[in-house]
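Each chain, written out:
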Amino acid sequence: MRKKLIISLSVVFGFIAVLLILFWTLFGLSKVTVSFSTTLENLTATQEEIVNAGKFRKGASVLFEGKKKSIRKIEEYVSQNENFAYIKVENIETVFPNKFVIHISEREELFAISTAENYLICDRDLRVLRVVSDFESTQTNAILLEGLTLKSETIKIGDFLNCEEKNITKLYSAFVQSNRNLNEQRSKFQKIEVSHYLDGFTKKEYVALELYTFSGKRFEICNIDFALANKIKLMYAVETSIYSQKVDADGDMVDAQGNKVFFKKLDSGEFVKFNEETDDSAIKISYLQVLSNCKIKVDNLTLSEFVHRTENDIYYCLMSL
């Protein structure tokens, strides 16, 4: 019986030894390459620099080697090479039996965040890509972003900004959901202003965005923490409707039947459609008045713990400047 046990254990240990040899020979990491998934404009780091930054252990089993650790090392290498701020490691792919492929995309400049001293050029995740002393927004570079409440006392290239308005990082994807890519966003918006306001009913503070286009149009998105993607979609739909509105010979807005469209201005500054021409408070608004004196405001219905709201409970109005 003892002899059989020894033989069985020898077989088991022999099998384990063969597996270990396979792990550290057949599956031992022998090569790491880099694949760029986007075109490069600002990123100049070489493949060799990126691989070296990952501190990969040659010979270690690709089955057990920690990829997250290497991803972290590559993205933190910005402390030694500021150009690494533009690197975004999408993933590290295992190519059996013994290779890694690092998939890299270049972080793209979306926001130019103004501070008291300079401008922080950041991507959609608010990672600081570079710092400049002077900045002018054009239709091919970053969008000027003002009013962000930064919490960090010292900021350097490669940092992810810590700010009160957390959902500003969702703005890019909200535009993408309306089929507006990065280039369209930058070519349309010249400046975005961040502000805080107090809701008169709930007495809660919310974050709003004022968006300025290169063509002179203005938009306001209230409470970016609720239904942001839906509000962006509504903003674009209303823009198409308002700025393609029919006008008569006097330049006043008319409906599909050619009748003048009348509005009523509320104490809040909002314009609402009003059908009674005989009402003394009813006014006409021309296309030029809308363009120069109004903005499109998108907001949600009052949020209350007593009323259930969905992301479709949003509305728009024209707002006087």
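What you see is a predicted model; the values in this text were computed from it and never measured.

A. Layout of the overall build of the protein. For the protein, the helix and strand inventory stands at 7 helices and 15 strands. In the protein, the proportion of contacts linking residues at least 24 apart, taken out of those at least 6 apart, comes to 55%. Counting every atom, the protein has about 18,100 Å² of accessible surface; 51% of that belongs to carbon and sulfur.

B. How the structure looks around the side chain of Asn-167. Mapped onto the fold, Asn-167 is located in the loop between β7 (143-146) and α4 (171-176). Excluding its chain neighbours within four sequence positions, the residues that come into contact with Asn-167 are Ile-224, Asp-225 and Leu-228.

C. Layout of the sheet that holds strand β2 (residues 87-95). The strand order β1-β3-β2 describes an open sheet built from 3 strands, whose pairing is mixed. Each edge of the sheet is formed by a strand with only one pairing partner; in this case those strands are β1 (31-36) and β2. Across the sheet, the axes of successive neighbouring strands diverge by a mean angle of 25°, strand direction being ignored. Pairing between β2 and strand β3 (residues 99-106): 8 bridges, direction antiparallel. Of the residues in β3, the one forming a bridge with Ile-87 is Glu-106. In this fold helix α3 (residues 67-76) packs onto β2 and β3, with an angle of close to 150° to the strand it touches most, β2.

D. Spotlight on helix α6 (residues 228-242). The end-to-end C-alpha separation of α6 is 21 Å, in line with the 21 Å expected for 15 residues at 1.5 Å each. Within the sequence span of α6, burial applies to Leu-228, Ala-229, Lys-231, Ile-232, Met-235, Tyr-236, Val-238, Glu-239 and Ile-242.

E. How the structure looks around the packing of aromatic side chains. Enumeration over the complete set of coordinates arrives at 7 aromatic pairs. Measuring from centroid to centroid gives 6.3 Å for Phe-27 and Phe-96, while their planes differ by 85°, and the two rings are edge-to-face. Of the two residues, Phe-27 sits in the loop between α1 (2-25) and β1 while Phe-96 sits in the loop between β2 and β3, which places them 69 residues apart along the sequence. When the ring of Tyr-197 is compared with that of Tyr-206, the centres are 5.9 Å apart and the planes differ by 40°; the resulting orientation is tilted.

F. Fine view of the pairing of strand β14 (residues 294-300). Taken across its 7 residues, β14 has 7 buried, putting it largely inside the fold. On β14, burial covers both faces: Cys-294, Ile-296, Val-298 and Asn-300 on one face and Lys-295, Lys-297 and Asp-299 on the other are all buried. Pairing geometry for strand β10 (residues 218-221) and β14, over 3 bridges, is parallel. Residue pairing for β14: Phe-219 is matched across the bridge by Ile-296.

G. Structural view of the state of the cysteines. Summed over all chains, the structure comprises 0 disulfides. As a non-bridged cysteine, Cys-222 has Cys-317 as the owner of its nearest cysteine sulfur, 8.0 Å distant. We classify Cys-222 as buried; its relative accessible area is 3%.

H. Representation of a positive patch on the surface within the structure. There is a patch of like positive charges on the surface, built from Lys-55, Lys-69, Arg-72 and Lys-73. For Lys-69, the location among the structural elements is in helix α3.

I. Looking closely at the side chain of Arg-186. By secondary structure assignment, the location of Arg-186 is in helix α5 (residues 182-188). For the buried residue Arg-186, which engages in no salt bridge, the nearest side chain bearing the opposite charge is Glu-41, 5.4 Å off. Among the polar contacts listed, one links the side chain of Arg-186 to the backbone oxygen of Glu-109, at a separation of 2.7 Å. At 3.2 Å, the side chain of Arg-186 and the side chain of Asn-183 are in polar contact. Not counting residues up to four positions away in its chain, the partners in contact with Arg-186 are Glu-109, Leu-110, Thr-138, Gln-139, Thr-140, Asn-141, Ala-142, Ile-143 and Phe-214.

J. Geometry of α3. Taken together, the buried positions of α3 are Ser-70, Ile-74 and Glu-75. For α3, the angular spread of the buried residues around the axis is 130°, confining them to a single face. The secondary structure elements touched by the buried residues of α3 are α2 (47-53), β2 and β3.

Criteria and thresholds
- Residue indices begin from 1 for each chain and proceed along its sequence in written order.
- At least 70 in pLDDT is required for a residue's local features to be given in this predicted model, at least 80 for side-chain atom pairs to be given and counted, and no such filter applies to totals for whole chains, interfaces and linings, which use all residues.
- Calculated side-chain values reflect all of the structure's heavy atoms, with hydrogen atoms and water omitted.
- Where helices and strands are cited, they refer to DSSP runs of H or I of at least four residues and of E of at least two residues respectively, numbered from the N terminus.
- Any two residues whose heavy atoms approach within 4.5 Å at even a single point are treated as in contact.
- Here the accessible surface of atoms and residues is derived via Shrake-Rupley with a 1.4 Å probe, and residues count as covered only by protein chains that are part of the display.
- Strands qualify as paired when DSSP identifies two bridges or more between them.
- Axis definition: a line fitted to C-alpha atoms, limited for helices to the stretch in contact. Angles are taken between N-to-C directions and run from 0 to 180 degrees.
- Multiply 1.5 Å by the residue count of a helix minus one, and that product is the helix's expected span.
- Each residue gets one of three labels from its accessible area relative to the maximum for its type: buried under 20%, exposed over 50%, partly exposed in between, using a 1.4 Å probe on protein chains only.
- Stacked, tilted and edge-to-face pairs are distinguished by plane angle, under 30 degrees for stacked and over 60 for edge-to-face with tilted covering the rest, among Phe, Tyr and Trp rings (Trp via its six-membered ring) whose centres lie within 6.5 Å.
- Disulfides are defined as cysteine sulfur pairs within 2.5 Å.
- Residues qualify for a patch when their relative accessible area is over 30% and they have no salt bridge, like charges being joined within 9 Å and the nonpolar side chains of Val, Leu, Ile, Met, Phe, Trp and Tyr within 5 Å.
- Here a salt bridge means any side-chain nitrogen of Lys or Arg lying within 4 Å of a carboxyl oxygen belonging to Asp or Glu.
- Charge assignment: positive for Lys and Arg, negative for Asp and Glu; neither His nor the chain ends contribute.
- The atom standing in for a charge is NZ when the residue is Lys, CZ when it is Arg, CG when it is Asp and CD when it is Glu.
- Two N or O atoms form a polar contact when they lie within 3.5 Å of each other; inside protein one atom must be a possible hydrogen donor and the other a possible acceptor, and for residues adjacent in sequence the pair counts only when both atoms belong to side chains.
- Here the arc refers to the set of directions running from the helix axis out to each C-beta atom.

Geometric values such as these leave the question of function open.
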